[in-house]
Amino acid sequence: MRWSGSERGRTDLAGTRTQRTLRDVLHELPVDALVPDGWRVGTGVVQFGDRLPADAVTLAHGDYPCDLLITTVGSSDGETLAVHERDRTAGDRRVVAGVGPAEDDTAALDSALRAAARAVERIEADTSGESRALDRDPSASRTVEGVDTRVNFY
């Protein structure tokens, strides 16, 4: 079957425009100078609930169970970017920093990477003793009719 232009309808591209993404802006920054040693910087697309997928800059380190995400989703009023800490084992995310408006996209992402670097310092120096998913006992106890049973989760 062969389609001609008239059968498919015309597409008017006059109203379209190119939009800069976080990925585009990331290439304009001295990332190695902003991110602590051992942390890999990448990009990806993240989903927050029923919102449209959003562009994200990621920071990850194999020795820690948390990643950091920089994205436009989750930012508070008056903020352009949010830094989220994502627990890879529990699957939850929480905002740890916000970046207010800046003179341009490059300055905003620079500020967000600096905020993420501060979060990395906290993650690396975490001596709070707060239990993380990897530190938790991977089993559960249950008593049924007087018999104790233990279930291990792997």
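Model, not experiment: these values are computed from the prediction. (Residues numbered from 1 in each chain as written. Predicted model: local features only at pLDDT ≥ 70, side-chain atom pairs only at ≥ 80, totals over all residues. Heavy atoms only, no water.)

Some points on helix H4 (residues 105-124)
An α-helix turns once per 3.6 residues; consequently, residues spaced three or four apart project the same way.
In step 1: Under the 1.5 Å per step criterion, the end-to-end length of H4 is 28 Å for 20 residues, consistent within 8% with the ideal 28 Å.
In step 2: Along H4, the positions that sit buried rather than exposed are Ala-108, Leu-109, Asp-110, Ala-112, Leu-113, Ala-115, Ala-116, Ala-117, Ala-119, Val-120 and Ile-123.
In step 3: At the N-terminal end of H4, a side-chain oxygen is found 3.2 Å from the backbone nitrogen of Thr-106, two or three residues along, and the residue is Asp-104. (Helix = DSSP H or I, 4+ residues; strand = E, 2+ residues; numbered from the N terminus. Expected span 1.5 Å × (residues − 1). Buried < 20%, exposed > 50% of the residue type's maximum accessible area, 1.4 Å probe, protein only. Polar contact = N/O pair within 3.5 Å; in protein donor to acceptor, adjacent residues only side chain to side chain.)

A short note on the pattern of salt bridges
In step 1: Applying the stated rule across the entire model yields eight salt bridges.
In step 2: Between Glu-85 and Arg-94 there is a salt bridge; the shortest N-O distance is 3.4 Å.
In step 3: Look at Glu-85 and you get buried, because its relative accessible area is 5%.
In step 4: Since its relative accessible area comes to 46%, Arg-94 is described here as partly exposed.
In step 5: Each of Arg-20, Glu-28 and Asp-105 takes part in salt bridges that share partners, so that together they form one network. (Salt bridge = Lys/Arg side-chain N within 4 Å of Asp/Glu carboxyl O.)

Considering the packing of aromatic side chains
In step 1: Under the counting rule described, the total for this entry stands at one aromatic pair.
In step 2: When the centroid spacing of 5.7 Å and the interplanar angle of 10° are considered together, the rings of Trp-39 and Tyr-64 count as stacked. You can see Trp-39 sitting in the loop between helix H3 (31-34) and strand S1 (40-46) and its partner Tyr-64 sitting in the loop between strand S2 (54-60) and strand S3 (66-71), a full 25 residues away along the chain.
In step 3: The ring of Phe-48 has Arg-93 lying over it, and the distance from NZ or CZ to the ring centre is 3.8 Å. (Phe/Tyr/Trp six-rings, centres within 6.5 Å; stacked < 30°, edge-to-face > 60°. Lys NZ or Arg CZ within 6 Å of the ring centre and 35° of its normal.)

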